[in-house]
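Residue-level structural notes
Read off the chains here:
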Amino acid sequence: MTAASGIVGEFMSLKGETDADLLAMQCGDFYEFFGDDAETVADELDLKVSQKSSHGSSYPMAGVPVDDLTPYLKSLVERGYRVAVADQYETDDGHAREVDRVVSPGTVLDPDDAAARYLAAVVVDGGEYVTRSDGDDTGDEDGPAYGLAFADVTTGQFRAGRVPDAATATAAIHRFDPVELLPGPHTRVEDPVVEAVTEETDTTVTVHGTDAFQPGRARHRVDDQFGDEATTAVGLESDAAVTAAGAVLAYVDDTGVGVTESMTRLGPLDADDRVTLDTTTRRNLELVETMQGERSGTLLSTVDHTETAAGSRLLREWLTAPTQDRTEIARRLDAVEALAEAPLARDRLRDLLSGAADLERLAARATSGSAGPRDLVAAREALGLLPELAAAVADTPLANGPVADALAAPDQSAARALYEELDDALVADPPGSPGEGVIARGYDAELDEIVADYEETRGWLDDLAEREADRHDLAHVTVDRNKTDGYYVQVGKSAADGVPEHYREIKTLKNSKRFVTDELEEREREVLRLEEAREEVESRLFAAVRDRVAADAELLQDVGRTLAEVDTLAALAAHAADNDWVRPELADDRTLDVRAGRHPVVERTTDFVPNDLRMGPAVASRSDASAHDAPLREFLIVTGPNMSGKSTYMRQCALIVLLAQAGSFVPAAAATVPVVDGVYTRVGALDELAQGRSTFMVEMQELSNILHSATEDSLVILDEVGRGTATYDGISIAWAATEYLHNEVRAKTLFATHYHELTSLADHLPRVHNVHVAAEERDGEVTFLRRVRDGPTDRSYGVHVADLAGVPEPVVDRADEVLGRLREEEAIEARGGDGGGDGEPTQAVFDLSAGEFVGATDANGGQAGGDGKRAGAGGARGGGRGDGAATGRVPSDGAVVDSEAAAILEELTETDVTETPPVELVQRVQEWQRELDDGE
Ligand code: ADP
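All figures in this text were calculated on a predicted structure; none of them were measured in a lab.

What follows covers the packing of helix α11 (residues 309-320) against helix α21 (residues 553-579). Across the interface, α11 lies against α21 with an axial gap of 8 Å and an inter-helix angle of 70°. The orientation of α11 with respect to α21, classified from their angle, is roughly perpendicular. Two packed elements cross with a definite hand, and for α11 against α21 that hand is right-handed. Contacts between α11 and α21 involve A310, G311, L314, L315, E317 and W318 on the former and, on the latter, R561, A564, E565, D567, T568, L569 and L572. Here the residues of the contact of α11 with α21 sort into 7 nonpolar, 2 polar and 4 charged.

Listed below in structure tokens is the structure:
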């Protein structure tokens, strides 16, 4: 009982000393968790909870064996927990425990996968961050600047910098995709960057001690780490950036992981040269993870033929953060092209690289002191690859090209020197730990002498049995050693009586007896002494070798990066060669011209129908450009039946642009691509209700982000906008977003929509064009042609898809009938809006020159009645297909609403969507719909 209370009490007090989420406390052969921690750990890891009683109360307890702690820790950290570990020490009067490390997502040294794992800090520039007191100034665009730092403890990568505003800070965080973020003291409440990270990513946000963010202290820590000149050298004058960097270093120090030495270089953020890709876009385009969270079926898994973990990591970096730097893109493309054209040399390089060690990670392990003999041997082998790879390209088409240049980049003589030192110091195939023959002979005279003596004595012992048998004419003699008896001579029972006098019997077994002699005991002492000496000297020598490697961490990182780069380039070349990909050309203007483009992932599993994509100036000037009078195609409205291939087409376009800027060939017959500054997507209706966010809200947040962030040089992919709400709302938003993107943002945009009405915008907005994915209907059957053609589709075939899917015939027939009716009604309203006339149904069209809707101005009275009625009908149909969707009740200045509707409008305006829980929002909307229906 007393012991129990002592342990639980000690646990609670140690827990109080750390800001970690969980504490694992060593109790003999187990690490134990108590109280709430035990419950949490048991739930997460499926452990059994037992009860520990203490002072009449009982506490939940869960434990893991000491040897199994590491995998359990990793699992907890993967789930976002920070776990403090308190080890048990022997003391004179029993034992003591103290927390000596904290394992957190950003400080796990040996994660299971090769991807980079950034630990980040974000600091508001200019000291105090004035938190917004109310929601009114959410549009404030002159918010503070930010300092950011990103460190990957597993590889020693370290980057820091200042960005001008919250949006750029968020974009940088999306790019590095840190596993853990440390917000500075002024970013902890209501900061838009931290909020975005919390809401949109899985990043663990760790509130760490304020001291670490104290600017003077942080600067000192940074200078200490990288040298006084480093901050100036990378233009890191901003206090906020230095503070962020210092805070990251302090945190790494505090967690006790011991790797700060591998952080040898302070690099800039490079935020400007990277293509902005937010988390949503990375997921929508399935770059490294599918929408379902799987790794296979992604762009990365499709092109990742790398031979090494470091290569795979680099390829992931290139794909998730493509560059805008034309020189760098050209450099990579040159190398991929050379490698694609030299299959033999390429295969040879990939053979050599196969299984090469991850030098960047080894550098971190060497500095933390956790690298073992086999790690250092792996490092030596990887270093030795450099000249081998250079030799492999020497007499091939790759000589004197970009690949040879890449291989020549690291300091060759330093690499050779380190290789040779390791070669001299270590045996080829060492055991796992020093002491048993890790250090090579000839490396250290003292060790050699010990080993020579040891082997001499061992030789004497090895021959002893034979010598004794001969000398004393004994049968069945063996010499062996075990823990209790030490060395002994064992003689078979029949011969045991004939042993000489000086044999001392120590044990009788069933068929034999064991003896020792004075000489044997002396040799035994000698062996033990030599073994101890050997272990001591070897460990000392090995630690020195490891320190030597740690001192060269920067060199290892350089060579590691080079090997990774060659591996990545060769993998891209192999994929290009095997799949008929072509080298993309970088357009000097805004031309995006893809001939016979394919989707890089879908083409692997499908008989893929290639399609062209033509946008921008060069396309307009060509005679085969579509016969519109408008000069440019910058905004394509993509229509076509459900399942015809609209999403695939738009995604393939985005992926081709991204691949090109990653430095890869692309799946097309020919491609000219512009250099874009960002790709923004909003795709389908993801069911995020499970996360407590209503789908429509998410959709609008994504749209809002795009409209705020995209620029003229961005590529925007919209796959349905407005479907999460009633038809009239939806079409209005889609319509207005199109205008805004076209008129204000002017980004290259592909917009797939089922709002057929939007296709008429092409007649009025100069850069908007229609394309459609063709399908054929014959005898009631729809055939998908997968061909993208100019012009809008005539209808959406939704009912036919229902038919194909086996929806019962009466329902299909009835749907057809309803569709007809809806079309009819649309015609009526369209005519009404037009002020009468009975010709073709006309769409209400936004007239750019007039700045309002044609048809809404001259017939107010008739329009108003129609509006109210149709809004009700739209609400009742919810998110129904757009086939029959009548021309929207598009808000316009001239619209007249009745008092009921006005009241609802007012309520709507006053509703703070960010503050209202989704369920309540839905209820309110339903209420309004009901009121509108009643008021009809
Ligand atoms: P939509 O967005 O129009 O509903 P999707 O793009 O999702 O249609 O495509 C539907 C299916 O058609 C996908 O499963 C895809 O594999 C296939 N598909 C799309 N485009 C092509 C193509 N060009 N060639 C072959 N199959 C295609």
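Next, the rest of the story.
A few words now on the pattern of salt bridges. Applying the stated criterion to the full structure yields 50 salt bridges. The shortest N-O distance in the salt bridge between E307 and R350 comes to 3.6 Å. Of this pair, E307 sits in the loop between α10 (299-303) and α11 while R350 sits in helix α13 (residues 343-353), and the two are 43 residues apart along the sequence. E307 gets classed as partly exposed once you look at its relative accessible area, which sits at 30%. Among the ionic pairs, R561 bridges to E317, the shortest N-O distance being 3.7 Å. Here the residue R561 occupies a position in helix α21, and E317 occupies one in helix α11, the gap between them amounting to 244 residues. One salt-bridge network, held together by shared partners, links E328, R331, R332 and E565.

Turning to the layout of surface pockets, a few remarks are in order. Considered as a void within the structure, the second largest pocket measures approximately 690 Å³ in volume. As for the second largest pocket, its lining consists of 30 residues, and the residues nearest its centre are M643, G645, K646, S647 and T648. Here the lining of the second largest pocket gets 7 residues from one element, more than from any other, and that element is helix α23 (residues 646-662). Here the lining of the second largest pocket is built from residues that sort into 11 nonpolar, 11 polar and 8 charged.

Mapped onto the elements, L314 comes out in helix α11. Overall, the relative accessible area of 4% leaves L314 in the buried class. What L314 contacts, discounting residues up to four positions off in sequence, is R561, A564, E565 and T568.

As a further point, take the sheet that holds strand β27 (residues 781-790). The mixed open sheet is built from 7 strands, whose spatial order is β13-β23-β24-β25-β21-β26-β27. Among the strands making up the open sheet, the edge pair consists of β13 (276-277) and β27. Across 6 bridges, strand β23 (residues 678-683) lies against strand β24 (residues 714-719) in parallel orientation. Within β24, the position partnered with G678 by the bridge is S714. Sitting on the sheet, helix α24 (residues 695-709) is in contact with β23 and β24, with an inclination near 160° to β23.

Read across the open sheet, the 6 strands follow the order β3-β4-β2-β1-β5-β6; overall the sheet is mixed. Unpaired on one side and paired on the other, β3 (50-54) and β6 (94-103) mark the two borders of the sheet. When strand polarity is set aside, the average angle formed by the axes of neighbouring strands in this sheet is 35°. Looking at chain direction, strand β1 (residues 22-27) and strand β5 (residues 83-91) are connected through 4 bridges and run parallel.

Inspection of the secondary structure assignment puts I731 in helix α25 (residues 727-745). Placed 25 residues apart in sequence, I731 and H756 show a C-alpha to C-alpha distance of 9.4 Å.

A separate point is the pairing of β5. Summarising the sheet, β5 and β6 pair through 9 bridges and their orientation is antiparallel. Bridging across to β6, D87 finds its partner in E98. Linking β5 to β6, which pair antiparallel, is a turn of 2 residues.

This next bit is on the site of the ligand. The local shell around the ligand holds 14 residues, among which V609, M643, K646, S647 and T648 are the closest. One of the backbone nitrogen or oxygen atoms of M643 is found 2.7 Å away from an oxygen atom of the ligand. Burial of the ligand by the protein amounts to 79% of the accessible area it has alone, namely 560 Å². At a threshold of 2 Å from the grid points, most atoms of the ligand map onto the second largest pocket. Considering each element in turn, the shell around the ligand owes the most residues, 3 residues, to α23.

Before going further, it helps to spend a moment on unusual backbone geometry. Here N400, not a glycine, exhibits a phi torsion of approximately 60°, which is positive. Here N400 is to be found in the loop between α15 (373-394) and α16 (402-408). We classify N400 as exposed; its relative accessible area is 77%. You will see that E720, though not glycine, has its phi angle at about 70°, which is positive. Among the secondary structure elements, E720 is positioned in the loop between β24 and α25. Owing to a relative accessible area of 11%, E720 belongs among the buried residues under this scheme.

The gaps of empty space that remain are located by a probe, the size of a water molecule, rolled over the atoms. One pass over the structure, following the stated rule, counts 2 cavities of 30 Å³ or more. Estimated volume of the largest cavity: approximately 40 Å³. In terms of lining, the largest cavity is formed by T308, A310, A356, A357, D358, L359, G560 and L563. Its residues placed into classes, the lining of the largest cavity shows 5 nonpolar, 2 polar and 1 charged. Computed from the structure, the second largest cavity encloses a volume of approximately 30 Å³. Around the second largest cavity sit E634, F635, L741, H742, R746, A747 and R767, which together line it. Considering only residue class, the lining of the second largest cavity consists of 3 nonpolar, 1 polar and 3 charged.

Below, the discussion takes up the packing of aromatic side chains. In total, this model carries 7 aromatic pairs according to the counting rule given. Their ring planes at 50° and their centres at 5.5 Å tell us that Y503 and F515 sit as a pair that is tilted. Here the residue Y503 occupies a position in the loop between α19 (493-496) and β16 (504-508), and F515 occupies one in strand β17 (residues 512-516), the gap between them amounting to 12 residues. Here F635 and F751 contribute two aromatic rings whose centre-to-centre distance is 6.4 Å and whose plane-to-plane angle is 65°, an arrangement assigned as edge-to-face. Of this pair, F635 sits in strand β21 (residues 635-639) while F751 sits in strand β25 (residues 748-752), placing them 116 residues apart in sequence. The class for F635 is buried, based on a relative accessible area of 1%. The side chain of R332 reaches across the aromatic face of W318, ending 3.9 Å from its centre. Stacked on the ring of Y488, the Lys or Arg R514 has its end atom at 4.1 Å from the ring centre.

For any two helices packed against each other, one specifies the inter-axial angle together with the distance between the axes. In contact at an axis separation of 11 Å, helix α2 (residues 35-45) and helix α3 (residues 69-78) are set at 90° when each is read in the N-to-C sense. Of the possible angle classes, the one that applies to α2 and α3 is roughly perpendicular. Residue-level inspection shows V41, E44 and L45 of α2 in contact with α3, the latter providing Y72, S75 and L76. Of the residues belonging to the contact of α2 with α3, the class tally is 4 nonpolar, 1 polar and 1 charged.

What counts and how
- Residues numbered from 1 in each chain as written.
- Predicted model: local features only at pLDDT ≥ 70, side-chain atom pairs only at ≥ 80, totals over all residues.
- Heavy atoms only, no water.
- Axes fitted to C-alpha atoms, helices over the stretch in contact; angles between N-to-C directions.
- Helix = DSSP H or I, 4+ residues; strand = E, 2+ residues; numbered from the N terminus.
- Parallel < 35°, antiparallel > 145°, perpendicular 65-115°, else oblique.
- Left-handed = near helix turned anticlockwise from the far one by under 90°.
- Contact = heavy atoms within 4.5 Å.
- Nonpolar A, V, L, I, M, F, W, Y, C, P; charged D, E, K, R; others polar.
- Salt bridge = Lys/Arg side-chain N within 4 Å of Asp/Glu carboxyl O.
- Buried < 20%, exposed > 50% of the residue type's maximum accessible area, 1.4 Å probe, protein only.
- 1 Å grid on protein atoms, 1.4 Å probe; cavity = no way out; pocket = protein on both sides within 12 Å on 5 of 7 lines; lining within 4 Å.
- Points joined across faces, edges and corners; volume = space filled by probe spheres on them.
- Pairing = 2+ DSSP bridges.
- Near = heavy atom within 4 Å.
- Polar contact = N/O pair within 3.5 Å; in protein donor to acceptor, adjacent residues only side chain to side chain.
- Areas by Shrake-Rupley, 256 points an atom, 1.4 Å probe, with all protein chains shown as cover.
- Sits in = over half its atoms within 2 Å of the grid points.
- Phe/Tyr/Trp six-rings, centres within 6.5 Å; stacked < 30°, edge-to-face > 60°.
- Lys NZ or Arg CZ within 6 Å of the ring centre and 35° of its normal.

Remember that the coordinates give geometry; whether it matters functionally is a separate question.
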